[in-house]
Amino acid sequence: MSFNRLPFQIDEEVAKLLALKAKLTENEPAAPQKFSLKTPKGTRDYNPQQMSLRQSVLDKIIAVFKKHGAETIDTPVFELKEVLTGKYGEDSKLIYDLKDQGGEILSMRYDLTVPFARYLAMSKISSIKRYHIAKVYRRDNPAMTRGRYREFFQCDFDIAGAYDPMLPDAECVKVVSEILDSLDIGDFVIKLNHRKLLDGMFEACGVPADKFRTICSAVDKLDKSPWAEVKKEMTDEKGLDEAAADKIGEYVRLSGGQELVETLLRDEKLKKIPAAVEGLEGMKLLLQYCAIFGVSDRVLFDLSLARGLDYYTGVIYEAVLKNDDKPKKKKDEETVGSVAGGGRYDNLVGMFDTKNKQVPCVGVSIGVERIFSIIEAKHAADKTKVRTSEVQVYVASAHKGLHEKRLEVLAKLWDGGIKAEHSYKTNPKLLAQLQHCEENQIPFALVLGDGELARGIVKLRDVTTRQEEEVPIDNLVEAIKWRLSARN
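Per chain, residues are indexed from 1 in the order of the written sequence. Only residues with pLDDT of 70 or above have their local features reported here, since the model is predicted, and side-chain atom pairs are shown and tallied only from 80 upward, although totals for entire chains, interfaces and linings are computed over all residues. Each side-chain value is worked out from all heavy atoms of the structure, with water and hydrogens disregarded.

### A look at the overall build of the protein chain
Where we set the bar: A run of DSSP states H or I qualifies as a helix once it reaches four residues; a run of E qualifies as a strand once it reaches two. Both are numbered from the N-terminal end. Note that the radius of gyration is over C-alpha atoms, with the globule rule given as 2.2 Å times the number of residues to the power 0.38. Here's how the labels work: a residue is buried when its accessible area is under 20% of the maximum for its type, exposed when over 50%, partly exposed in between, all with a 1.4 Å probe on protein chains only. Whether two residues are in contact is decided by their heavy atoms, any of which lying within 4.5 Å being enough. The Shrake-Rupley method, run with a 1.4 Å probe, gives the accessible areas here. Residue values count only the displayed protein chains as cover. By the counting rule applied here, Lys and Arg register as positive and Asp and Glu as negative, while His and the ends of each chain are not counted. Here the site of a charge means atom NZ of a Lys, CZ of an Arg, CG of an Asp or CD of a Glu.
Of the regular secondary structure elements, the protein chain holds 16 helices and 16 strands. A globule of 488 residues ought to have a C-alpha radius of gyration of about 23 Å, yet the protein chain, at 31 Å, is considerably larger. Overall, the protein chain is about 100 × 90 × 55 Å in size when its C-alpha atoms are taken along their principal axes. Split into buried and exposed, the 488 residues of the protein chain put 47% on the buried side. Looking at the protein chain alone, contacts between residues at least 24 apart form 69% of all its contacts between residues at least 6 apart. Accessible area of the protein chain: about 26,400 Å², with a carbon and sulfur share of 52%. Taking the average location of the 75 positive side-chain charges in the protein chain and that of its 76 negative ones, the two points are 3 Å from each other.

Structure representation (structure tokens):
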């Protein structure tokens, strides 16, 4: 290159060289991007076997909800941040915030209760019995072995409306009992308490009113921590007088039934506190209705039950498996924890619509993720094979050249409402087709052959017994439906 060239000529040469380089490299494969093949922390994938188990659980739960007259709704997976903040007490720090995406400050929903209250206020609904099954999000450090995640399903049943005391509340207890019985995951107890009784108890013990919620949050940890640790949190971290903490300790060790209610109604400290008396009278009525519903042997009045969320105003519930109360065998052994919880929240709707009257609400949330983990572990221990599809009939061909006839038969079955499938090979081997039926627990196989088709029939094979019978093609749908109903 000549040193006598002008600057613009040098620029032109550089441009040509850059263009040539771009042309030479444009067809070169891009370097592979390095990334981690993993799900985000606190989340998981579900394979077909797991999804089949999960769906069977949800079907049983929904059947109970519908039996009690509930209808379903849905709400957005994210809400305006202002809708969620200030509703969860100390747990508000676990809300997932999103970046500003166009003028709205949004957060992922933390539960289904606050969005439900927003929905009632926004839609001017004063009474509804609803269930809602959807994913919620919590910025937690989850113990996934216990069915705790950052993304997980909640399964809620709520009754909204102004009704007579404890009638809706008792039905919620009955709903939880029916669901846990239907799922057959072990013996359980539904613990009951009342927020007004807790507040009255705190007042009687000398807790300042401005510390009720934070002390309630500490009491809520008694199911996971010993009293000594909870007391230390109350006094050292939350500034409660030690004498007041000791008085609280005397009450929260108590549990029982109607006899405990009667004993506490005679308590000299509590009977001077209107809130405590109101809570005890409510518990007395609730336990009476539970007896009528036949669930007295499933419930326990437990003064240590607190439910840390701020929005509860009345009765509170928590269902736990009884074997979960047993001591851990190993230091690092995990237990599942509660499998349902909820309570009454009469003031939450009014927080969104101050111009209109309050809409009293009560509800329960089934801990489906924890229930899933129990059932998955049980199936893994039993090595039980789970069906992952609902195919009722497999259309097989006995020899070559019958794939178009298979399509005709499939169309007839599908049009008749029968769940069916076939091989996507034109000439599959008969043994491979029958093995597919056995491996996937398909009840029946239709075997097509030239000789049978010429006579207007096909062979219907019971996959379990391997017995075969001839069925007329013209009567195929009716014959299969009859046999399917006979199996059920």
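### Focus: helix H16 (residues 476-487)
For an α-helix, 3.6 residues make a turn, and residues three or four places apart therefore share a direction. Condition: Expected span, for any helix, means 1.5 Å times one less than how many residues it has. Picture the helix axis, draw a direction to every C-beta atom, and the arc is the one those directions span.
Here H16 contains 12 residues, and its C-alpha end-to-end distance of 17 Å stays within 8% of the 16 Å for a straight helix at 1.5 Å per residue. Those residues of H16 that sit buried are Leu476, Val477, Ala479, Ile480, Arg483 and Leu484. All buried residues of H16 fall inside an arc of 165° around its axis, so they share one side. Residues of H16 that are exposed and angled more than 90 degrees away from the buried face: Trp482 and Ala486.

### Some words on the packing of helix H6 (residues 195-204) against helix H7 (residues 212-219)
Note the cut-off: Each axis is a line fitted through C-alpha atoms, taken for helices only over the stretch in contact, and angles between the N-to-C directions span 0 to 180 degrees. Any angle from 65 to 115 degrees is called roughly perpendicular, while one under 35 is roughly parallel, one over 145 is roughly antiparallel, and all others are oblique.
Axis separation between H6 and H7 bottoms out at 11 Å; the angle between their running directions is 105°. As far as their axial angle goes, H7 and H6 are roughly perpendicular. Between H6 and H7, the contacting residues are Arg195, Leu198, Asp199, Phe202 and Glu203 on the first element and Phe212, Arg213, Ile215, Cys216 and Val219 on the second.

### A word on the sheet that holds strand S10 (residues 338-344)
Stated precisely, the cut-off is as follows: Following DSSP output, two strands are said to pair if at least two bridges run between them.
If you trace the nine strands from one edge of the open sheet to the other, you get S1-S4-S5-S11-S10-S9-S6-S8-S7, paired in mixed fashion. Sheet topology places strand S1 (71-72) and strand S7 (255-256) at the edges, where each strand pairs with a single neighbour. For S10 and strand S11 (residues 361-366), the ladder comprises five bridges, and the chain directions are antiparallel. Directly across from Gly341, in S11, lies its bridge partner Ser365. Helix H4 (residues 113-123) rests against strand S4 (128-137), strand S5 (151-160) and S11 of the sheet, and its axis sits at about 45° to S5.

### Topic: the side chain of Ser365
The cut-off we apply is this: Throughout this description, a polar contact denotes any pair of N or O atoms lying within 3.5 Å of each other; where both atoms belong to protein, one of them has to be capable of donating a hydrogen while the other can accept it, and for residues adjacent in sequence the pair is counted only when both atoms sit in side chains.
As for its position among the elements, Ser365 is in strand S11. Among the polar contacts made by the side chain of Ser365, one reaches the side chain of Asp156 at a distance of 2.7 Å. The contact partners of Ser365, leaving out residues within four places of it in the chain, are Gln154, Cys155, Asp156, Ala340 and Gly341.

### Topic: the side chain of Glu318
Topologically, Glu318 is positioned in strand S9 (residues 315-321). At 2.9 Å, the side chain of Glu318 and the side chain of Arg307 are in polar contact. For Glu318, the residues in contact, after removing those within four places along its chain, are Val189, Ile190, Lys191, Asp223, Leu305, Arg307, Ser338, Ala340 and Gly341.

### Topic: the packing of aromatic side chains
What describes a pair of aromatic rings is the distance from one ring centre to the other and the angle between the planes of the rings. Put simply, the rule reads: Put simply, two rings from Phe, Tyr or Trp (the six-membered ring, in Trp's case) pair if the centres are within 6.5 Å, and we call them stacked under 30 degrees between planes, edge-to-face over 60, tilted for the rest.
This structure, assessed with the given rule, holds seven aromatic pairs. Note on Phe202 and Phe212: the rings are 6.0 Å apart at their centroids and 50° apart in plane angle, and the pair reads as tilted. Taken together, the residues span a long stretch of sequence, with Phe202 in helix H6 and Phe212 in helix H7 at a distance of 10 residues. When sorted by exposure, Phe202 lands in the same class as Phe212, which is buried. Put simply, the rings of Tyr88, Tyr110, Tyr311, Tyr312 and Tyr345 pair up and form one aromatic cluster.

### Looking at unusual backbone geometry
Glycine aside, negative phi is the norm for most residues, and most peptide bonds take the trans geometry. Phi is positive for Met166, close to 70°, though the residue is something other than glycine. Relative to the elements of secondary structure, Met166 occurs in the loop between S5 and helix H5 (167-183). For Gln441, which is not glycine, the phi torsion reads 55° and is therefore positive. Following the sequence through the fold, Gln441 ends up in the loop between helix H14 (430-439) and strand S14 (444-448). Judged by its relative accessible area of 33%, Gln441 falls in the partly exposed class.

### A look at H14
Of the residues making up H14, those classed as buried are Gln433, Leu434 and Cys437. Seen along its axis, H14 keeps its buried residues to an arc of 95°; they face one direction. On the buried face of H14, the contacting elements are strand S12 (393-397), S14 and strand S15 (457-462). Downstream of H14 by a residue or two, Gln441 has a phi angle that is positive, lying close to 55°.

### Section: the confidence of the model for the protein chain
In plain terms, the rule: For every residue, the predictor assigns a confidence score, pLDDT, that lies between 0 and 100.
Of the residues in the protein chain, 90% have a pLDDT of 70 or more, and the chain-wide mean is 88. Of the regions scoring below 50 in pLDDT, residues 325-335 engages in seven contacts with residues more than four places distant in sequence or in other chains.

### Some words on the sheet that holds S14
Sheets are built from strands paired through backbone hydrogen bonds, the pairs being either parallel or antiparallel. If you walk across this open sheet you meet the five strands as S13-S12-S14-S15-S16, and the pairing is mixed. Each end of this open sheet is capped by a strand with a single partner; those strands are strand S13 (420-422) and strand S16 (468-472). Strand after strand, the sheet turns through a mean of 30° between neighbouring axes, direction not considered. For S12 and S13, the ladder comprises three bridges, and the chain directions are parallel. When the sheet's bridge partners are listed, Val395 is paired in S13 with His422. Contacts from H14 reach S12, S13, S14 and S15, with the element oriented near 170° to S12. On top of the sheet, H16 reaches S12, S14, S15 and S16; it is set at about 155° to S14, its chief contact.

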